[in-house]
Structures are given as C-alpha cells and as structure tokens.
There are 4 protein chains.
Amino acid sequence: MLEELKKQVFEANMELPKRGLVTFTWGNVSGIDRESGLFVIKPSGVSYETMKPEDMVVVDLDGKVVEGNYKPSVDMPTHLELYKAWPEIGGVVHTHSPWATSWAQAERAIPAYGTTHADYFYGEIPCCRVMTAEEVAGEPGHYEIEQGKVIIETFRGKNPMYVPGCVCAHHGPFTWGKDAAEAVHNAVVLEEVAKMAVRTELIDRNSVPAPQYMLDKHFLRKHGKNAYYGQIKKG
Amino acid sequence: MLEELKKQVFEANMELPKRGLVTFTWGNVSGIDRESGLFVIKPSGVSYETMKPEDMVVVDLDGKVVEGNYKPSVDMPTHLELYKAWPEIGGVVHTHSPWATSWAQAERAIPAYGTTHADYFYGEIPCCRVMTAEEVAGEPGHYEIEQGKVIIETFRGKNPMYVPGCVCAHHGPFTWGKDAAEAVHNAVVLEEVAKMAVRTELIDRNSVPAPQYMLDKHFLRKHGKNAYYGQIKKG
Amino acid sequence: MLEELKKQVFEANMELPKRGLVTFTWGNVSGIDRESGLFVIKPSGVSYETMKPEDMVVVDLDGKVVEGNYKPSVDMPTHLELYKAWPEIGGVVHTHSPWATSWAQAERAIPAYGTTHADYFYGEIPCCRVMTAEEVAGEPGHYEIEQGKVIIETFRGKNPMYVPGCVCAHHGPFTWGKDAAEAVHNAVVLEEVAKMAVRTELIDRNSVPAPQYMLDKHFLRKHGKNAYYGQIKKG
Amino acid sequence: MLEELKKQVFEANMELPKRGLVTFTWGNVSGIDRESGLFVIKPSGVSYETMKPEDMVVVDLDGKVVEGNYKPSVDMPTHLELYKAWPEIGGVVHTHSPWATSWAQAERAIPAYGTTHADYFYGEIPCCRVMTAEEVAGEPGHYEIEQGKVIIETFRGKNPMYVPGCVCAHHGPFTWGKDAAEAVHNAVVLEEVAKMAVRTELIDRNSVPAPQYMLDKHFLRKHGKNAYYGQIKKG
C-alpha cells in the first residue's frame with residue numbers, strides 16, 4: 001500500500017540525521033496521498049539506524065492506523081491537523097533541531113534578517129503561543145491535536161506555503177511543503193536561518209530585518225509566478 | 001567474570017567519543033551487577049582508540065579491584081558512592097562534555113526551558129555546590145568519594161531517576177540510568193539541553209522555563225505509568 | 001571550449017561544500033579567461049552532488065551565454081560587473097556562509113582583530129550599503145547588476161586585491177582573487193575571520209583592532225614585494 | 001639525519017588538521033633533539049595533504065637550516081627562542097585555532113574556570129602583551145624572534161611546564177611540552193578550555209575561577225610527585 005510514498009517518506013526521514021537536525025529519534029516526517037486521503041509517517045521511537053521503508057505507518061484522516069507493524073509517531077495527531085486544515089501541503093516535519101528549538105524556548109519569532117531567510121520564508125517565522133494547561137492535559141493524543149490547532153491559529157489569514165514553518169513555544173519547529181522532501185528542505189533552511197539570526201543579534205543587538213523590498217525580491221525570484229531562479233521556469 | 005557486563009560497559013564507553021562527548025580520555029562509564037554487588041568501569045587514562053572489552057576493571061562495593069590489568073578510572077570512588085546510595089541505578093557516566101561543563105563552571109543549574117529537557121529530566125538539572133577545601137584535600141580517593149557525597153546531598157529528598165544527572169561546580173557533568181547505556185543516553189541529552197539553554201538565553205536573556213504542566217506532560221508521556229511514547233507500553 | 005577553465009571552476013565550486021561554506025546550492029564560483037573575454041560559472045540551482053565540469057556555463061562580458069546546457073547562476077550579472085570593473089581579478093565567489101552572512105545581516109564591517117585577518121585582508125572587510133528599492137526592483141538581472149555596482153562603489157579608491165572580499169548588507173559575502181581557486185581560498189578565510197571576530201567581541205565587547213603596524217607586517221610578509229612566507233619568493 | 005624525530009614531528013603536525021586546530025597551513029609543530037642541539041620543524045606554507053616526513057626541515061640553535069628541501073616555517077625563530085630559553089621543553093606548537101585566537105584578539109588571559117583547565121594548566125593561561133612597532137618592524141625573522149622574547153618575558157619567574165601555553169595578543173596560541181606530541185596535546189586542551197571559558201561567561205558574565213585548592217588538587221593529581229591519574233605512577 002502506497003509503496004512509493006512510503007519510500008519517499010522513509011528517505012525524507014533519513015535526511016534528518018544526515019543533515020544534523022536530530023539527536024536519537026527526536027524527529028518525524030510524514031507525507032500524504034491526497035487522492036486516497038491517507039498519509040504515511042515515521043513509527044514512534046524507532047532508531048534511524050535500523051529503520052526501513054516498510055516500517056512506515058499508514059494513517060487515515062481520522063487518525064486511524066490502516067497499515068503498519070508499529071505505532072505511529074506520537075506527534076501524528078499534529079501532522080493530521082495540518083493536513084486537514086491546509087489542502088495545499090503534502091508533507092510535514094517536526095524536529096528538535098537545536099537552533100530553531102532555542103528560538104522556541106525563548107518564545108520569539110525569527111526575524112527576516114536577510115536573503116537566505118527570504119529565499120524560503122516570506123517574512124518572519126512565527127513562534128506559536130504557549131499552550132494552555134487545558135490544551136496540554138487530557139488523554140493521549142489530545143495535547144498533540146491541540147498543538148496542531150495552535151499552529152493553524154498562528155497562520156490564520158496567512159498562506160502557509162509562503163511561510164512554510166514555525167516554532168512552537170518551549171517545544172520546537174514544525175515545517176511543511178508540497179511533499180515530504182520539500183518539508184525537510186524547509187526544516188534545514190529554518191535551522192540555518194535560526195542559527196544566523198542568533199549570530200546577527202550577537203554582532204549587533206539592535207539589528208533590523210532586511211527591507212521589505214529585498215524580502216519581496218528574493219522570495220518572488222524563487223517562488224512567484226515570475227520566478228527566475230533554478231533551471232525550471234515556474235511562471 | 002561478568003563478561004556480558006564488561007561488553008556493555010565497553011560499548012557504552014565507546015559511545016562517548018562517537019557522540020562527541022569526550023576529548024582524549026576525559027570520560028568514564030560504569031555499570032553494576034546488583035546480584036554480585038560488583039561493578040565494571042573504564043580503566044584510567046587508556047585511549048579509546050585501543051581500548052578493548054577485556055580492559056574493563058571489575059570493582060566491589062568496598063572499592064577493591066577484584067579483576068583487571070589496569071587501574072580503574074580515577075573517578076571510580078564517585079561512581080561507587082552513587083551505587084551505594086541509590087539502589088535503583090545501574091550505570092553511571094562522567095564526562096567533561098563542553099556545554100554541560102560550561103554550566104558547571106558558571107555554577108548554575110540548567111533551567112527546564114523546553115520539552116527536549118522535560119522528555120528526560122523532570123525539572124531543572126541541578127548544579128552541585130562548590131566543594132570545600134577539606135573535601136578536596138587528602139589521600140588519593142578521598143576527594144572522589146566526597147564528590148559522590150556532594151552529588152547525593154544535592155538529590156536529598158529527590159528521586160534520582162526523575163532527574164538522572166547534574167553538573168558539579170567547576171568540574172563537569174555526571175549522569176546515570178537503569179544501566180550503562182541509558183546513563184550514556186542521558187549524558188547525550190544533558191549536553192544537548194545544556195547547549196540549547198545557553199542559546200535560549202542568548203535569544204532572550206530573560207527567558208522563562210516551560211510551564212510546569214508542559215514539563216509534567218512530556219516527562220510522564222515517556223516515563224510515567226501511563227507513558228505512551230515509543231513502541232512498548234510501560235504502564 | 002575553455003575545457004581547462006571549466007575544470008578549474010568546477011573544482012573551485014566543489015570546494016565550497018567540502019569546506020562547509022554552502023548549504024544546498026547556496027553558492028557559486030566563476031573564473032575568467034581574460035584573453036577571450038569569456039568567463040565560466042556554475043549553473044543555477046544544480047546540486048553539488050551531481051554537478052560535472054561540463055555543466056559549467058560559458059558567458060561573455062555582455063552577459064550572453066555562449067555555451068552550456070543550463071542557465072547560469074542567477075548571480076551571474078554580479079560576477080560580470082566585478083570582472084568588467086577590476087581587470088586584476090580572475091575569479092569570483094558568492095556564498096551564504098553563516099558567519100560572514102551574519103555580519104552582512106547586522107550591516108557591520110568585520111574589524112581586523114588579528115593576524116589571521118591581516119594575512120589575507122589588509123584592513124577591515126567592508127559591509128556594502130543596503131541597496132535601494134530602485135536598485136532591487138525591475139527585470140530579472142537588474143538587481144544582480146546593481147549588486148555588483150554597489151560592491152564596486154564600496155571599493156572606490158581602494159585596491160580590490162588588498163581586501164579581496166566584502167559582505168553585502170542583509171545578503172552575504174562575495175570574495176575574489178587572481179583565479180577561481182584563490183577566490184575560494186579567500187572565501188574560506190573570510191568565514192574563519194568572521195567567526196573569530198564574533199567570538200572576540202563576546203570575550204570583550206570593547207575589543208580593538210590589531211595595531212596598524214601588525215596589520216602591515218602580516219599582510220606584507222605574505223603579499224608585498226618583500227614577501228617571505230611560503231616556498232616561493234614573490235618579490 | 002634525525003629520522004625518528006622527523007617522523008614524530010611530522011605526525012605531530014598531522015594531528016593539527018585531524019583535531020580541527022588548523023585551516024589551510026595555519027600551524028606548525030617542531031621537536032628538538034637536545035643532544036645534538038638540532039630541531040625539526042614543518043616547512044613553510046606546504047599543504048598538510050601532501051606533506052611527508054622527509055619534508056621536515058632540520059635547524060640548529062643559531063637558526064641555520066642544516067638539512068631540508070624547503071624553507072622552514074616562517075615562525076621558526078619563535079620556536080628557536082623558546083628552545084634556547086627553556087631547556088625543559090622538547091616540542092613547540094603554533095596554531096590559529098579559533099577559540100584560543102579569539103582570546104588573543106581580545107587581549108585577555110583565559111581564566112581557570114574548572115578542572116579541565118586545571119588538569120593541564122596550573123592557573124590562568126596568560127595573554128602576552130601587544131608587541132611594539134619596533135619589535136614588529138625590521139628584517140625577516142626579527143619580528144618572529146621578538147615574538148619569542150615576548151613569550152619568555154610573560155613567563156619570567158614562572159615554570160613553563162606548569163602553564164604549557166599562552167595566547168599572543170592579536171595573533172594566536174603557542175603551546176609546548178616535553179616533546180612534539182605533548183605540545184600538540186596541550187594545544188588541543190588549550191582550544192577546548194578556551195571554548196568552554198567563552199561559554200562559561202555567556203552563562204554568567206560574572207563567573208569566578210575554580211577555588212585554588214581545586215586547581216591544586218587537579219593539577220597535582222596528574223602532574224605532581226604524588227600523581228595518581230593514569231596507568232603509570234610518576235612520583
């Protein structure tokens with residue numbers, strides 16, 4: 001079932017340790033097949049060193065496991081909420097990558113200090129609000145569903161494909177994209193941008209974001225209908 | 001004698017350089033066999049590049065070497081004190097891992113800024129007080145015994161399995177766990193958490209810990225009787 | 001066409017990921033053949049893992065592609081401006097290397113704090129001014145041409161071979177040299193110097209540059225007509 | 001001539017890139033044969049990737065090359081001064097390792113914040129004063145001789161084997177030891193200690209050194225006549 005998607009999601013998961021984004025099993029990637037309404041996600045607490053494509057777990061949009069020898073990642077309900085809210089996304093990533101997580105722990109959005117940021121994220125990368133005691137408490141899965149809802153609340157009125165990620169207060173980053181591979185790509189960018197933003201402020205505590213017209217230029221040079229970066233004309 | 005335990009302790013020691021926690025020989029891991037009351041520890045000052053399982057030293061709970069071609073790690077008496085005080089632990093690790101050691105050098109406990117911390121350590125990771133001149137002076141082994149006693153004093157009235165590590169003022173971290181492998185796992189987490197806590201304060205000098213209900217949720221999701229993280233239900 | 005130069009430029013490009021200066025495809029190197037007035041540059045958005053010497057693109061000094069299966073790097077017009085303005089340079093590099101980019105994002109020149117800096121850069125490494133909305137707007141290529149012009153403006157009245165690099169505000173570093181390999185060498189030095197300058201200020205916020213006579217000594221020991229560093233006497 | 005020493009010095013030089021202490025050719029190691037009064041040093045500006053034991057240069061205590069196909073390292077006269085002043089040392093290392101160099105650039109001694117420091121350096125690691133214009137000027141070799149003299153001045157009345165290294169203002173670190181290998185070992189420790197000291201001050205800007213009795217205990221546990229660390233009793 002969904003063998004090709006399982007392979008893609010497996011490979012996207014394996015990118016995380018390769019890119020230095022995870023310690024132990026602290027990360028998970030999923031990818032969705034919109035036609036069947038099923039998504040594929042990493043199993044919970046399984047080591048990257050032994051994980052295989054067939055260990056991926058298939059889940060439906062009610063959160064029910066429809067195939068798999070393992071329990072899905074504990075963060076599965078968060079992925080699910082995002083897939084339900086945003087039909088334009090095809091992949092979701094959660095990590096505890098250290099630079100992005102540090103912004104989450106400090107409860108701060110990451111300012112758009114330069115073009116590296118603007119090439120992928122159109123404006124600051126938001127920090128979702130601290131969750132309430134009620135949201136966090138309750139049965140297994142409740143907290144993880146609420147986590148998803150808080151992310152969606154953060155992007156109300158915004159295009160999630162224009163800012164394909166956020167940091168969740170005192171927790172860590174989530175990113176997304178048109179598929180699992182792009183979501184991982186955005187997770188790598190977020191970590192790099194989070195690192196440079198810390199250093200920018202070390203160099204000058206009063207640093208200011210890049211001017212809006214530079215952010216416009218760089219994001220639209222890669223993503224707008226008149227994009228001219230890379231080999232394939234997107235417009 | 002204790003061949004299986006020697007192999008486990010050897011492998012746990014070899015994880016330290018692999019995980020970037022030690023420079024040269026600055027670390028040691030031990031594991032105990034509670035039935036025989038014997039523990040196995042790394043030899044002193046032996047290079048990780050040439051070390052073999054049979055080089056591990058077997059010591060009894062009076063601190064006497066009962067088997068081994070080498071002297072045990074100079075920190076052996078500290079391990080011994082912890083094993084005597086806390087019957088629930090099965091492995092102990094000491095390193096000079098750079099981020100954790102920096103907290104030790106600054107004489108500060110590591111605040112619980114996020115869920116990465118809370119997944120393994122239930123509350124702040126304490127910094128043991130500066131040792132007195134009397135504790136530090138004296139015959140070989142006296143200082144190392146006192147080091148153990150100061151750690152135990154720090155955890156008086158607390159469950160050492162709920163906060164499986166600390167940093168010793170102006171020295172470095174100790175961690176523990178149900179066996180040598182888990183103690184090393186906790187040493188890796190401590191270093192990662194120590195790193196992110198420094199950066200969290202760089203991002204906002206007035207950062208606050210995660211709310212208690214988030215710390216509860218994350219620690220108990222993995223460790224309580226209703227744990228639901230990973231593949232094996234612990235409850 | 002220009003097979004030897006393509007090979008050199010390809011190898012210079014491959015140094016970037018090897019030296020840790022680029023993530024994904026965030027960098028590009030070119031080299032010029034002054035006799036024919038043609039330069040060779042990396043294609044746009046092509047992965048370092050699959051790139052081959054024959055993928056390099058040949059461009060003339062009007063910016064026209066004269067050979068190549070791919071579009072040239074989007075930053076090609078910036079390289080072009082530098083080649084036209086400075087006949088003494090033979091190679092150009094652009095990266096988003098994280099330490100140098102952080103200085104760019106903070107809009108600060110990198111002070112000459114020590115001899116590592118002075119061995120390659122004779123005085124501070126300038127930060128080019130923020131570009132105007134007019135410079136940034138317009139047709140594909142306009143912004144990139146203006147980027148080059150702003151760099152040239154920054155070096156007006158200065159010898160670009162004495163300070164072979166700069167950081168562009170809210171963007172990242174450009175470096176150059178007598179050929180593509182030397183330009184990459186200078187990119188590595190710039191990143192190292194940028195890193196140490198941040199740390200120097202962490203150690204003492206009021207750090208001062210090295211005295212001018214030390215900067216003179218070190219730069220001229222390696223680059224002046226009485227150079228005596230290395231195996232070949234340059235004088 | 002001195003084949004065994006050449007091999008040792010070559011291997012000690014090769015440790016520098018392996019341990020992450022040098023970029024390009026920014027480092028040099030020498031070792032002396034006290035009997036013949038000859039020392040062996042890395043050639044100037046030769047790449048670590050192609051360097052061989054037979055490329056090492058043999059120099060006498062007047063600074064004259066007595067064997068070698070290459071010019072010796074430009075810093076050779078500094079090594080020479082140290083060998084002449086301190087008969088107890090057998091090896092010297094100079095690098096631009098980034099953390100130690102940052103302390104040099106900030107003109108600050110590295111405080112003895114913990115036992116990692118104290119295990120190798122008995123007290124703070126001094127920063128040599130800024131050299132004068134007269135010391136820096138002049139013929140090739142003059143500056144490098146004066147660099148050595150400033151280091152010796154810094155250690156006047158002190159045992160250089162008790163604090164086997166320093167940082168030279170706006171330049172970088174020098175370390176030494178009983179032979180080339182120990183000098184490199186001390187260079188690695190200095191870099192690690194320099195890194196942790198920066199972070200200690202980030203965690204608490206008002207951090208204080210470890211108490212003297214802890215510094216005594218740790219240094220003497222490894223180096224005094226009653227040393228009891230490692231496998232060989234030194235007393």
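A few points on the structure. Nothing here was measured: the structure is a model prediction, and the numbers come from that model.

**Overview of the relation of the copies chain C and chain D**
Consideration 1: Superposing chain C onto chain D requires a rotation of 90° together with a translation of 0.0 Å along the rotation axis, leaving an RMSD of 0.0 Å. Each copy turns onto its partner about a four-fold axis. Within chain C, the C-alpha atom positioned nearest to the axis of rotation is that of L202 of chain C, 5.6 Å from it.
Consideration 2: When you check the interface residues of chain C against chain D, a mere 3% turn up at the interface there too, and the two sides of the contact use different surfaces.

**Here we look at the layout of surface pockets**
Consideration 1: Of the pockets and cavities examined, the second largest pocket occupies roughly 1,600 Å³.
Consideration 2: Along the walls of the second largest pocket sit 47 residues, with R19, Y120 and H185 of chain C together with F24 and T25 of chain D positioned nearest its centre.
Consideration 3: Of all the secondary-structure elements, those providing two or more residues to the lining of the second largest pocket are helix 1 (3–18), strand 8 (173–177), helix 7 (180–203) and helix 8 (212–223) of chain C.
Consideration 4: For the lining of the second largest pocket, the leading source of residues is helix 7 of chain C, giving ten residues.
Consideration 5: For the lining of the second largest pocket, a count of residues per class yields 21 nonpolar, 13 polar and 13 charged.

**Quick notes on the sheet that holds strand 6 (residues 127–128) of chain A**
Residue and element names in this part refer to chain A.
Consideration 1: Reading across the sheet, the eight strands line up as 4-3-2-1-5-8-7-6 and stay open at both edges, with mixed pairing between neighbours. Pairing within the sheet leaves two strands with one partner each, and these edge strands are strand 4 (65–67) and strand 6.
Consideration 2: With five bridges connecting them, strand 1 (residues 27–33) and strand 5 (residues 91–95) associate as antiparallel partners. Along strand 5, the bridge assignment pairs V29 with V93.
Consideration 3: Contacts between helix 7 (residues 180–203) and the sheet are confined to strand 1, strand 5, strand 7 (165–168) and strand 8 (172–177), with strand 8 contributing the most and set at about 140° to the helix.

**Observations regarding the interface of chain C and chain D**
Consideration 1: Of the residues lining the interface, 34 residues belong to chain C; the matching set on chain D comes to 41 residues.
Consideration 2: Interface area, chain C with chain D, both sides summed: about 3,200 Å², of which 58% is carbon and sulfur.
Consideration 3: Here R221 of chain C ties to E144 of chain D by a salt bridge, and the two come within 2.6 Å at their closest N and O atoms.
Consideration 4: The interface formed by chain C and chain D includes twelve residue pairs in polar contact (both at pLDDT 80 or more).
Consideration 5: Mapped onto the side of chain C that touches chain D, the elements with two or more residues apiece are helix 4 (115–118), helix 7 and helix 8 of chain C.
Consideration 6: Split by residue class, the side of chain C that touches chain D holds 16 nonpolar, nine polar and nine charged.

**Topic: the interface of chain A and chain C**
By convention, interface size is frequently given as the accessible area that disappears when the constituent parts associate.
Consideration 1: Counting residues at the interface gives 34 residues for chain A, matched by 41 residues for chain C.
Consideration 2: On the chain A side of the contact with chain C, I203, Y228 and Q231 of chain A bury the most area, a combined 22% of that side's loss.
Consideration 3: Taken together, the links from chain A to chain C amount to one salt bridge.
Consideration 4: The interface formed by chain A and chain C holds twelve residue pairs in polar contact (both at pLDDT 80 or more) in total.
Consideration 5: Elements represented by at least two residues in the side of chain A that touches chain C include exactly helix 4 (115–118), helix 7 and helix 8 (212–223) of chain A.
Consideration 6: Counting residues per element, the side of chain A that touches chain C draws most heavily on helix 7 of chain A, at eleven residues.

**Digging into the pattern of salt bridges**
Consideration 1: According to the stated counting rule, one finds 60 salt bridges over all chains in the structure shown.
Consideration 2: A salt bridge links E11 of chain C to K7 of chain C, with the shortest nitrogen-to-oxygen separation between them at 3.6 Å. With E11 of chain C and K7 of chain C both in helix 1 and four residues apart, this pair spans about one turn of that helix.
Consideration 3: E11 of chain C gets classed as partly exposed once you look at its relative accessible area, which sits at 41%.
Consideration 4: Here K149 of chain D ties to E146 of chain D by a salt bridge, and the two come within 4.0 Å at their closest N and O atoms.

**Points about the sheet that holds strand 7 (residues 165–168) of chain C**
Consideration 1: The eight strands lie next to each other as 4-3-2-1-5-8-7-6 (chain C), forming an open sheet whose pairing is mixed. Each end of this open sheet is capped by a strand with a single partner; those strands are strand 4 (65–67) and strand 6 (127–128) of chain C.

**Topic: the relation of the copies chain A and chain C**
Note on the chain copies: they are related by a rotation about an axis and a translation along it.
Consideration 1: Once chain A is rotated about the relating axis by 90° and shifted along it by 0.0 Å, it coincides with chain C to within an RMSD of 0.0 Å.
Consideration 2: Comparing contact sets, just 3% of the residues at the interface of chain A also lie at the interface in chain C, consistent with a heterologous contact between different surfaces.

**Details of the pairing of strand 7 (residues 165–168) of chain B**
Residue and element names in this part refer to chain B.
Consideration 1: Of the two faces of strand 7, the one lined by G165 and V167 and the one lined by C166 and C168 are each fully buried.
Consideration 2: Alignment of strand 6 (residues 127–128) against strand 7, held across two bridges, turns out to be parallel. Of the residues in strand 7, the one forming a bridge with C128 is C168.
Consideration 3: The turn joining strand 7 and strand 8 (residues 172–177), which pair antiparallel and follow one another in sequence, is formed by three residues; a positive phi near 60° is taken by H170.

So, how was this worked out
- Residues numbered from 1 in each chain as written.
- Chains lettered and ligands numbered in written order.
- Predicted model: local features only at pLDDT ≥ 70, side-chain atom pairs only at ≥ 80, totals over all residues.
- Heavy atoms only, no water.
- Least-squares fit on C-alpha atoms with pLDDT ≥ 70 in both.
- Contact = heavy atoms within 4.5 Å.
- 1 Å grid on protein atoms, 1.4 Å probe; cavity = no way out; pocket = protein on both sides within 12 Å on 5 of 7 lines; lining within 4 Å.
- Points joined across faces, edges and corners; volume = space filled by probe spheres on them.
- Helix = DSSP H or I, 4+ residues; strand = E, 2+ residues; numbered from the N terminus.
- Nonpolar A, V, L, I, M, F, W, Y, C, P; charged D, E, K, R; others polar.
- Pairing = 2+ DSSP bridges.
- Axes fitted to C-alpha atoms, helices over the stretch in contact; angles between N-to-C directions.
- Buried area = accessible area lost by both parts, 1.4 Å probe.
- Salt bridge = Lys/Arg side-chain N within 4 Å of Asp/Glu carboxyl O.
- Polar contact = N/O pair within 3.5 Å; in protein donor to acceptor, adjacent residues only side chain to side chain.
- Buried < 20%, exposed > 50% of the residue type's maximum accessible area, 1.4 Å probe, protein only.

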